[in-house]
Amino acid sequence: MNYHINFNFVWKYADKLYWGLVLSIELAFISILIGCVIGLALAVVYNDGHPWLKRVVSAYVEVVRNLPLLLLIYLIFYGIPSIGGFAFDATESFVLTLSLYAGAYLVEVFRAGLAAVSPGVIDAGKAIGLTAWQRFAYVRFPTMLRIVLPSLSNAFISLFKDTSLASVIAVPELTFGANWIKTNTFRAVEVWIVVAGVYLVVGWILLAALRLLERVLMPGRRT
Amino acid sequence: MTDPLVRITQVKKSFGSTLVLDGVDLDVPKGEVVVVIGPSGSGKTTLLRCINALETYDDGSIKVDGVEIGFRGEPGGPRKRRSDGELARIRADIGMVFQQFNLFPHLTAVENVMLGLTKVRGMPPAQAREKALHWLDRVGLSQKTANLPSQLSGGQQQRVGIARAVAMDPKVLLLDEITSALDPELVGEVLSVVRGLAAEGMTMVVVTHEMTFARDVGTQLVFMDHGHKIAEGPPNEILRRSDNERLRSFLSRIEFRQDG
Ligand SMILES: Nc1ncnc2c1ncn2[C@@H]1O[C@H](COP(=O)(O)OP(=O)(O)OP(=O)(O)O)[C@@H](O)[C@H]1O
Ligand SMILES: [Mg+2]
């Protein structure tokens, strides 16, 4: 057996990896946005809503968190069209899945964040005459945001790695691109080494950028 | 004969099975400073929180400028708890300064003061900023207006807390042990701000353990114990020749600090 490591193909197919990477980041970004909306809404419902609504939220979180993400991807991609009778694009299906998945994790993050806003600060908001909605918009939400921002950054990096699973339903993201190159060049080792490097380096750069953003958004935060 | 600005009659309040306020009466005439003293757990904080509807009361009446705080309708008749919107409007005219400062942690000093002016009073931001800066200057913080609370000392944070409350032009200002969380050397700078407000005729209800301060700025001193008002009168009279056993034993445990 005589296998010569050769990375030349990488340059030939660099655009496949590049566009795959762009799509991966986009998928993670859209999913965390939708996930934040889901997570925040459900966290508020969980904290302030009726007991039975609380149970619905808990059930959603439990189900999603206790299923393998891969299974969720298959369930939604094959399951929803067969029930609803409409087919949808693999990318849309994956965004839906990853958003629901992110939402279930972020409920916990936002719930803890809302709970960490001191009741005294909310009283101060009442004392100057803010209404319930204003207290949420101008006091609770921004105070909570400062608390949860580091967790959101971590969640985003996690989702970025999870986008790799979209390859199983042929979403043309980074791992799918790598697979395509492997199939067409038979250079499995080189492809996976390169792609692993891309995930590592890009993940690291994204995290560094997010930490920088946190510092801009939360000046003077004592940690 | 004008009605007192704040009139509290037979207010009762329980937390679960604990009766915390057991029929408290209190009048605060306009321009006067009523100082409330009493042992821990006697209901001082609860009374203040009832005055600006941070707590509900079960029975009796609290009126500020003739408006019943907790309820619509008269005592005795059918009364309904007020809605959030009504409470917000009522609270906007009642200022409160807290023991733990409770500044909005994500806003700078000037933004802390501006928030109520822009969102509650509907002031344009430029005008609100001007007013906020004026008050921060008044409390001696013109150099710290762009600092976040985490970048301020306790005494500075509390002065922002005072500026935030008085900038709303409240009819009455409630102060709940506003120096208790401060290092002793920072107490004086906060109390001197309050002395200034008292001199200008701000109506206040002040809960404090600073007896020198209480004697100097108080027009009335009220001693509470176990949810009751035990004694009431001019501070010098109450502090000097009290014939009440519980008040005497309370005062003997309180140190008189000169920096107050
Ligand atoms: N939210 C609450 N739930 C249950 N009990 C409460 C609550 N707030 C106060 N209490 C109880 O009510 C009583 C009066 O409390 P309050 O805080 O008014 O006393 P205080 O006179 O301000 O005491 P301190 O000098 O320690 O501040 C205490 O027994 C306290 O434990
Ligand atoms: Mg108290």
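Residues numbered from 1 in each chain as written. Chains lettered and ligands numbered in written order. Predicted model: local features only at pLDDT ≥ 70, side-chain atom pairs only at ≥ 80, totals over all residues. Heavy atoms only, no water.

A. Up close: the overall build of chain B. Along chain B, the regular secondary structure elements total 9 helices and 12 strands. For 260 residues, the compact-globule estimate of 2.2 N^0.38 gives 18 Å, and chain B sits close to it at 18 Å. Principal-axis analysis of the C-alpha atoms gives chain B an extent of 50 × 50 × 40 Å. Counting over 260 residues, chain B shows a buried share of 56%. Expressed as a percentage of contacts within chain B between residues at least 6 apart in sequence, the contacts between residues at least 24 apart total 63%. Carbon and sulfur atoms form 47% of the exposed surface of chain B, whose accessible area is close to 11,000 Å². (Helix = DSSP H or I, 4+ residues; strand = E, 2+ residues; numbered from the N terminus. Rg over C-alpha atoms; globule rule 2.2 N^0.38 Å. Buried < 20%, exposed > 50% of the residue type's maximum accessible area, 1.4 Å probe, protein only. Contact = heavy atoms within 4.5 Å. Areas by Shrake-Rupley, 256 points an atom, 1.4 Å probe, with all protein chains shown as cover.)

B. How the structure looks around the interface of chain B and chain A. The interface of chain B with chain A comprises 24 residues on the first partner and 22 residues on the second. Summing the contributions of chain B and of chain A, the shared interface buries around 2,000 Å²; its carbon and sulfur component is 62%. Joining chain B to chain A, the criterion identifies 2 salt bridges. Ionic pairing is found between B:Arg49 and A:Asp123, a salt bridge with its closest N-O pair at 2.9 Å. Applying the counting criterion to the chain B and chain A interface returns 6 residue pairs in polar contact (both at pLDDT 80 or more). Among the elements of the structure, α2 (84-91), β8 (94-97) and α3 (109-119) of chain B are those that each provide at least two residues to the side of chain B that touches chain A. (Buried area = accessible area lost by both parts, 1.4 Å probe. Salt bridge = Lys/Arg side-chain N within 4 Å of Asp/Glu carboxyl O. Polar contact = N/O pair within 3.5 Å; in protein donor to acceptor, adjacent residues only side chain to side chain.)

C. Local environment of the site of ligand 1. All names here are of chain B. Around ligand 1, the structure places Phe-15, Val-20, Pro-39, Ser-40, Gly-41, Ser-42, Gly-43, Lys-44, Thr-45, Thr-46 and Glu-177. Between ligand 1 and Ser-40 there is a distance of 2.5 Å, counted from an oxygen atom to a side-chain nitrogen or oxygen. Contact distances for ligand 1 include 2.5 Å between an oxygen atom and a side-chain N or O atom of Thr-46. Within the complex, 58% of the 640 Å² of free accessible area of ligand 1 lies under protein. A total of 3 residues in the shell around ligand 1 trace back to one element, the largest contributor, which is helix α1 (residues 44-51). The residue inventory of the shell around ligand 1, partitioned by class, reads 3 nonpolar, 6 polar and 2 charged. (Near = heavy atom within 4 Å. Nonpolar A, V, L, I, M, F, W, Y, C, P; charged D, E, K, R; others polar.)

D. Focus on the confidence of the model for chain B. This prediction gives chain B a mean pLDDT of 90; 96% of its residues lie at or above 70. Here the complex is predicted with pTM 0.86, and the ipTM for its interfaces comes to 0.92. (pLDDT = per-residue confidence, 0-100.)

E. Region of the structure containing the pattern of salt bridges. For the structure on display, the rule yields 21 salt bridges over all chains. Ionic pairing is found between B:Asp84 and A:Arg135, a salt bridge with its closest N-O pair at 3.5 Å. Here the residue B:Asp84 occupies a position in helix α2, and A:Arg135 occupies one in helix α7 (residues 132-162), the pair thus bridging two chains. Put simply, A:Asp123, B:Lys13, B:Arg49 and B:Glu55 are held in one network by salt bridges that share partners.

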